[in-house]
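# Commentary on secondary and tertiary structure
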Amino acid sequence: MSETKLPSVIFLLSQFWGNITNRRRLQFLVLVILMVIASFAEILSIGSILPFLSVLINPEKLFNYSQAQFLIHLIHAKSPSDLLLPMTMLFGCAAFFAGFIRLLLLWASTRFSYGVGSELSVEIYQRTLYQSYITHVNRNSSEVIDAITNKTERVTYLIMMVLNLLSSSIILMTVLITLLVISPIIALSVFASLAFIYACIINITRTRLLRNSTLIANESTRVLKCLQEGLGGIRDVLIDNTQSAYCEVYKNADYPLRRAIGDNHFIGHSPRYVVEALGMILIAAISFLLTQKTGGITSAIPILGALALGAQRLLPILQNAFGAWAGIRGTTATFQEVLLFLRQPFPDNFKSKTFTKLDFKKQLRFKQVCFRYSSDTPWVLQNFDLTIFKGERIGLVGITGSGKSTVLDIVMGLLEPETGFLEVDGKAILSHEDYRSWQTQIAHVPQSIFLADTSFAENIALGVPKEKIDYERVKEAAIQAKIASMIEGLPRKYESLVGERGVRLSGGQRQRIGIARALYKKADVIILDEATSALDNKTEQDIIEAVENLSKDITIIMVAHRLSTLKNCSKIIEIVGGRVSRINSYSEIENNY
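No experiment lies behind these values; they were computed from the predicted model shown.

### Section: the environment of valine 445
Among the secondary structure elements, valine 445 is positioned in strand 6 (residues 442-445). In sequence terms valine 445 and alanine 516 are 71 residues apart; their C-alpha atoms lie 9.5 Å from each other.

Here you go:
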């Protein structure tokens, strides 16, 4: 992503505003109101220092001040000394109120930012899960995981920075106005000097922050990709002794990422020390000039006290505003990528939890189906015609790349034909609702069975909330898949844990759980995509026998590299170049291999 192509933060925030809920928008408006209250609290705390210091230095002057008579009568002060305690309490209450409001604002801003960040992460995850299979095929999972975890965390930080910048700007204006009332020339001089310093720093660092922003967005994905590849292939890494190579790749991605993050952190916080030093020098110079005027140090102390308190507020606010700006600038590229994930469209009727089950009583038919993965790739299927009758055991054979897996993906509704269509009992499967209705009839048993680190019951009824699992149905499916005796021999039976990715199970046991999962769904069509290719011959025969003993009403479509796996199939279909080459029995195909 080129830094010159990054849109403005204002434009990105306007797009982001359309992605948050009305509840969050209302909360944001409440936050703005709280920011305004905090700004007035700052006015109160700074303004109260003048009468407080005046009472300490010259109480008679305040006691005789015409505009203070209302307050004097209100507290029933009889002499100047009677003003000391009330003014002290007034100043203390003002300081406490200002601190309390700032603390409340910090709490509300943090809750708001992380609440929005959580909703953002969930929204991206939800939209990603609803994307088509072809989208997932063409996308690296590292990008998605990084967006849902790391990038949304940075956007949460960006939201915090936006709120800090807005809050700082509001409070900055009120503090400046208060100082202008106290001493216009001095206030303008101090503010102009500090603003000029920050303006110079912004001009120097803006390009560097934007470059770091792009680098952080890119390298964070690379880091996650390196971790997934290294840990995902740990067996080969250990066998091949390639740890150093993977570490080098990770270092080349992680070091630039952390250096850029550290660089942004330094840029955001370093001006504070320079500005604080210059601010103290300015206050010292102003103090000297004020003592040279009529009245000397005595008359200058209240003004100096107010200016010192104002500067004590002003410097951190300016630094906070700059730090927020630097944080926003350094997160722009990440923010843009997160918004791209938020633009992922939902399919029609995606909120519908139930779909009418599509009846499958007679036949499943491919009619002149053509498919390719993109416009610049060759055709995988061309004018593909095939009819499968209910209850048949179908085997698909062909060389790698012939289109077998694509045929299965179209049967399962994961891929949509570019031309032609899939037909069930004479009804064409065309709309998203048609596909979802058809998929209620489909169960898939892949070569590598996904197993969650939960109980056997939860893995067999995968995706069903634990409280809604039908345990009788789980047991029935386990018996049919010939895995029940093993599970029931465990101390906790169906509540026993399978271990992460099923590491405690053999390959045959994992496949049987996959079959039990398909049976729990009570699907009419079971797809076995090279489900036994990684098993030894004995275990494979046991699995095939378990499949063969299933109800004759269940249609089974199998893909296998070993022809012997398909010996119980009623038809074996050979696919060549994306077309049906021939349809024969097992014995006829065997004689030609």
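### Examining empty space enclosed by the protein
Applying the stated rule across the entire model yields three cavities of 30 Å³ or more. Contributing elements (two or more residues each) for the lining of the second largest cavity: helix 21 (537-548) and strand 8 (555-559). The class makeup of the residues in the lining of the second largest cavity is six nonpolar, two polar and two charged.

### Describing the sheet that holds strand 3 (residues 393-397)
If you walk across this open sheet you meet the six strands as 6-7-8-3-9-10, and the pairing is mixed. Where the open sheet ends on each side, the last strands, each with one partner, are strand 6 and strand 10 (579-584). For this sheet, the mean angle separating the axes of adjacent strands, direction not counted, is 20°. Both strand 3 and strand 9 (residues 571-576) contribute to a ladder of four bridges, which runs parallel. Within the sheet, the bridge partner assigned to glycine 395 lies in strand 9 and is isoleucine 572. Sheet contacts for helix 20 (residues 507-520): strand 6 and strand 7 (525-529); angle to strand 6, the most-contacted strand, approximately 175°.

### Topic: the sheet that holds strand 1 (residues 363-371)
With antiparallel pairing, the four strands of this open sheet are ordered in space as 2-1-4-5. The sheet is open, and its two borders are formed by strand 2 (381-389) and strand 5 (427-429), each paired with just one other strand. Put simply, the sheet's adjacent strands are angled 25° from each other on average, direction ignored. One ladder, built from six bridges, connects strand 1 with strand 2; its direction is antiparallel. Looking across to strand 2, one finds that glutamine 363 is bridged to phenylalanine 389. Against the sheet, helix 15 (residues 404-411) touches strand 1, strand 2 and strand 4 (419-424), its axis set at about 120° to strand 1.

### What to know about unusual backbone geometry
Its identity as a non-glycine residue notwithstanding, glutamine 368 has a phi of 50°, on the positive side. One non-glycine residue, lysine 493, lies in positive phi territory at about 50°.

### As for helix 20
An ideal rise of 1.5 Å per residue puts 20 Å on 14 residues; helix 20 measures up with 20 Å between its terminal C-alpha atoms. Of the positions making up helix 20, those classed as buried are Gly508, Gln511, Arg512, Ile513, Gly514, Ile515, Ala516, Arg517, Ala518, Leu519 and Tyr520. Buried residues belonging to helix 20 abut strand 6, helix 17 (456-460), helix 18 (471-480), strand 7 and helix 21.

### Quick notes on the side chain of serine 213
By secondary structure assignment, the location of serine 213 is in helix 9 (residues 184-232). If near-sequence neighbours (up to four positions away) are discounted, serine 213 is found in contact with Arg329, Gly330, Thr331, Thr332, Ala333 and Thr334.

### Details of the confidence of the model for the protein chain
For the protein chain, mean pLDDT is 77; residues scoring 70 or higher make up 79% of the total. Summarising per-element confidence for the protein chain, the mean pLDDT is lowest in helix 4 (residues 59-63) (60) and highest in strand 1 (88).

### Examining the packing of aromatic side chains
Inspection of the entire model under this criterion finds six aromatic pairs. With a centroid separation of 6.3 Å and an interplanar angle of 40°, the aromatic rings of phenylalanine 28 and phenylalanine 112 are classed as tilted. Here phenylalanine 28 is found in helix 2 (residues 22-47), whereas its partner phenylalanine 112 is found in helix 6 (residues 84-129), with 84 residues between them in sequence. Aromatic side chains phenylalanine 360 and tryptophan 438 sit 5.7 Å apart centroid to centroid with 90° between the ring planes, which places their arrangement in the edge-to-face category. Taken together, the positions of phenylalanine 360 in the loop between helix 14 (332-342) and strand 1 and tryptophan 438 in helix 16 (residues 432-439) put the pair 78 residues apart, joining distant regions of the chain. For tryptophan 438, a relative accessible area of 0% corresponds to the buried category. The ring of tyrosine 520 has arginine 473 sitting right over it, with the charged end atom 4.6 Å from the ring centre.

### So, a nonpolar patch on the surface
A cluster of nonpolar side chains, Ile33, Ile37, Leu44 and Phe97, forms an exposed patch at the surface whose accessible area comes to about 340 Å². With three residues, helix 2 is the largest single contributor of residues to the nonpolar patch. Its location among the elements puts leucine 44 in helix 2.

### Topic: helix 15
Most of helix 15 sits out of view: seven of its eight residues are buried. Of all the residues in helix 15, the buried ones are Lys404, Thr406, Val407, Leu408, Asp409, Ile410 and Val411.

### Focus: the environment of threonine 454
Tracing the sequence through the fold places threonine 454 in the loop between strand 6 and helix 17. Judged by its relative accessible area of 23%, threonine 454 is partly exposed. Put simply, threonine 454 and valine 498 are 44 residues apart on the chain and 6.2 Å apart in space, counted from C-alpha to C-alpha. If we skip the residues at most four places from it in the chain, threonine 454 touches Asn459, Ser496, Leu497 and Val498. Here asparagine 459 takes part through its side chain, which lies 3.3 Å from a polar atom of the side chain of threonine 454.

Thresholds, definitions, all that
Residues numbered from 1 in each chain as written. Predicted model: local features only at pLDDT ≥ 70, side-chain atom pairs only at ≥ 80, totals over all residues. Heavy atoms only, no water. Helix = DSSP H or I, 4+ residues; strand = E, 2+ residues; numbered from the N terminus. 1 Å grid on protein atoms, 1.4 Å probe; cavity = no way out; pocket = protein on both sides within 12 Å on 5 of 7 lines; lining within 4 Å. Points joined across faces, edges and corners; volume = space filled by probe spheres on them. Nonpolar A, V, L, I, M, F, W, Y, C, P; charged D, E, K, R; others polar. Pairing = 2+ DSSP bridges. Axes fitted to C-alpha atoms, helices over the stretch in contact; angles between N-to-C directions. Contact = heavy atoms within 4.5 Å. Expected span 1.5 Å × (residues − 1). Buried < 20%, exposed > 50% of the residue type's maximum accessible area, 1.4 Å probe, protein only. pLDDT = per-residue confidence, 0-100. Phe/Tyr/Trp six-rings, centres within 6.5 Å; stacked < 30°, edge-to-face > 60°. Lys NZ or Arg CZ within 6 Å of the ring centre and 35° of its normal. Patch = residues over 30% accessible without salt bridge, like charges linked within 9 Å, V, L, I, M, F, W, Y side chains within 5 Å. Areas by Shrake-Rupley, 256 points an atom, 1.4 Å probe, with all protein chains shown as cover. Salt bridge = Lys/Arg side-chain N within 4 Å of Asp/Glu carboxyl O. Polar contact = N/O pair within 3.5 Å; in protein donor to acceptor, adjacent residues only side chain to side chain.

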